[in-house]
Amino acid sequence: MEYNKWIADFQTGDEVEGFYVLKTAASKISNSGKPFLSASLADRSGAIETKMWDYAGPVGTADEGSVVKIRGTVSEFRGSLQLILSRIRPVQEGDRYSLGDLVPVAPVDVDEAWQELMGLVDGLEDRDYAAVCRRVLERYGERFRTVPGGKSMHHSFVSGLLMHTLYMVRTADYLAGLYRDVVNRDLLLAGTLLHDAAKCDEFVTSPLGLVTEYSVRGQLLGHLVMGAQSAAEAAGELGIPEEKSVLLQHMLLSHHGDPAFGAAVRPMCAESELLSLIDLVDSRMEIYREALAETEPGQFSRRVFALDKKVFRHQ
């Protein structure tokens, strides 16, 4: 029996025990009519699909995002590792574990990343766009620094939104120089800085900081619409010219590129087109980073849902 073994180091046949984050949990009924728990467990190193047969609770959906103590055996199902539990319970008073071992966090220095972002805001030549960015970021405050960038698709770790935004703004700053005759740097950077800010309101997070579900407004409106609303409110409060406010709202509403991928409208200016491409690049590269981290050199990864394919880690 191995205690608190990293999930990334699990191998078929391992017997493990310890504390992990209950990332998802659902009570289901098997083909034979018996209840079972279908879940996923996570620690800082990764996540694994999990089953507990003949189990009707008490651990379930309401415990998503919390820490549980488990005992189980690692097996393989359809080419992927799976953990079959024999025991599971919520943490109890007196249990000793390190949250830092359990919660995946962005591989960036949060304070330095935040200072860099605010420095870029201060460096915008267009003071109207700078003022809107500052107002919106100040409203979200600590949430912007800590909230994940997604529930499961990409950057789904603490401070993932900050990392995603920082990398995108760096890319946008470079491309604005490369295409200075085509794009307005200040509009591009302002839209990039704010493009996912409303995820702070879209997500409901656990005490550990991981996304457990979408808020009511997040489900009914989504972060594109809520982001555009937030930018419009800030622009109105600051007396920003209507055209600038509308352009910034368009950046946020169109940054998914196509309505088939959630965009409210298609990009209709060079800056919004470029923002949608930068967003795609950074999200894809993060998905690759996470998949390659779990793959040995010279091998193919497991099938990556977000890419709908396996990826190869070359030597």
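Details of the structure are given in the entry above.
Overview of the structure. (Residues numbered from 1 in each chain as written. Predicted model: local features only at pLDDT ≥ 70, side-chain atom pairs only at ≥ 80, totals over all residues. Heavy atoms only, no water.)

**A short note on the overall build of the chain**
The line we're drawing: Strands here mean DSSP runs of E at least two residues long; helices mean DSSP runs of H or I at least four residues long; both are numbered from the N terminus. Only C-alpha atoms enter the radius of gyration; for comparison, a globular chain is expected to reach 2.2 Å times N to the power 0.38, where N is the number of residues. When accessible area is computed with a 1.4 Å probe and restricted to protein chains, residues below 20% of their type maximum are described as buried, those above 50% as exposed, and intermediate ones as partly exposed. By definition, residues are in contact when any of their heavy atoms lie within 4.5 Å. Under the convention used here, a 1.4 Å probe and the Shrake-Rupley method define accessible areas, while residue burial counts only the protein chains that appear.
Helix and strand counts for the chain stand at eleven helices and ten strands. Taking 315 residues into account, the globule formula puts the C-alpha radius of gyration at 20 Å, and the chain, at 22 Å, falls close to it. Dimensions of the chain, computed from C-alpha atoms along their principal axes, come out at roughly 65 × 45 × 40 Å. When each of the 315 residues of the chain is scored for burial, the buried share is 48%. Across the chain, the fraction of contacts at a sequence separation of at least 24, relative to all contacts at a separation of at least 6, is 56%. Put simply, the chain shows about 15,900 Å² of open surface, and 51% of that area lies on carbon and sulfur atoms.

**Description of the environment of Ala62**
Relative to the helices and strands, Ala62 resides in the loop between strand 4 (46-53) and strand 5 (67-77). The spacing of Ala62 and Ala25 is 37 residues in sequence and 8.1 Å in space, taken between C-alpha atoms.

**Remarks on the layout of surface pockets**
Basically, it comes down to this: Using only the protein atoms, space was sampled on a 1 Å grid; points where a 1.4 Å probe fits but cannot get out form cavities, open sets with protein on both sides within 12 Å along at least five of seven lines form pockets, and lining residues are those with an atom within 4 Å of a point. Grid points are joined across faces, edges and corners, and a volume is the space filled by probe spheres set on the points. Under the grouping applied here, Gly and all other residues not named as nonpolar or charged are polar, the nonpolar ones being Ala, Val, Leu, Ile, Met, Phe, Trp, Tyr, Cys and Pro and the charged ones Asp, Glu, Lys and Arg.
Approximately 770 Å³ is the volume found for the second largest pocket. Along the walls of the second largest pocket sit 25 residues, with Met153, His154, His256, Phe261 and Ser283 positioned nearest its centre. Mapped onto the lining of the second largest pocket, the elements with two or more residues apiece are helix 7 (199-202) and helix 11 (270-293). For the lining of the second largest pocket, the element with the most residues is helix 11, which contributes seven residues. Partitioned by chemical class, the residues of the lining of the second largest pocket number eight nonpolar, ten polar and seven charged.

**Some remarks on helix 3 (residues 127-140)**
Cut-off, in case you're wondering: Multiplying one less than the number of residues by 1.5 Å gives the expected span of a helix. What qualifies as a polar contact is a pair of N or O atoms within 3.5 Å, subject to a donor-acceptor requirement within protein and to the restriction that residues adjacent in sequence count only when both atoms come from side chains.
Compared with the 20 Å implied by 1.5 Å per residue over 14 residues, the 20 Å span of helix 3 between its first and last C-alpha is a close match. Against helix 2 (110-122), helix 4 (142-146), helix 6 (185-194), helix 7, helix 9 (222-238) and helix 10 (242-253) lie the buried residues of helix 3. With a side-chain oxygen lying 2.9 Å from the backbone nitrogen of Asp128, the N-terminal cap of helix 3 falls on Asp126.

**What to know about the packing of aromatic side chains**
Stated formally: Pairing of aromatic side chains requires ring centres within 6.5 Å, counting the rings of Phe and Tyr and the six-membered ring of Trp. Pairs whose planes differ by under 30 degrees are stacked, by over 60 edge-to-face, and all others tilted. Ring-over charges, as used throughout, are those where CZ of Arg or NZ of Lys falls within 6 Å of the ring centre and within 35 degrees of the ring normal.
The full count for this structure, using the stated rule, is six aromatic pairs. An angle of 50 degrees between the planes, with centres 4.9 Å apart, marks the rings of Phe300 and Phe312 as tilted. You can see Phe300 sitting in strand 9 (residues 299-300) and its partner Phe312 sitting in strand 10 (residues 312-313), a full twelve residues away along the chain. In this structure Phe312 comes out as partly exposed when scored by relative accessible area, which is 40%. A cation over an aromatic ring shows up here: Lys244 above the ring of Tyr129, its NZ or CZ 5.7 Å from the ring centre.

**Here we look at the pattern of salt bridges**
Basically, it comes down to this: A side-chain nitrogen of Lys or Arg and a carboxyl oxygen of Asp or Glu constitute a salt bridge if their distance falls within 4 Å.
Scanning the entire structure with this criterion turns up 22 salt bridges. The partner of Arg145 in a salt bridge is Glu142, with the nearest N and O atoms 3.2 Å apart. With Arg145 and Glu142 both in helix 4 and three residues apart, the pair spans about one turn of that helix. Note that Asp196 is salt-bridged to Lys199, the shortest N-O span being 3.3 Å. Comparing Asp196 with Lys199 shows no difference in burial state: the two are buried. If you follow the salt bridges from partner to partner, you end up with Arg135, Arg139, Glu233 and Glu237 in one network.

As far as function goes, none of this settles anything; it's purely spatial.
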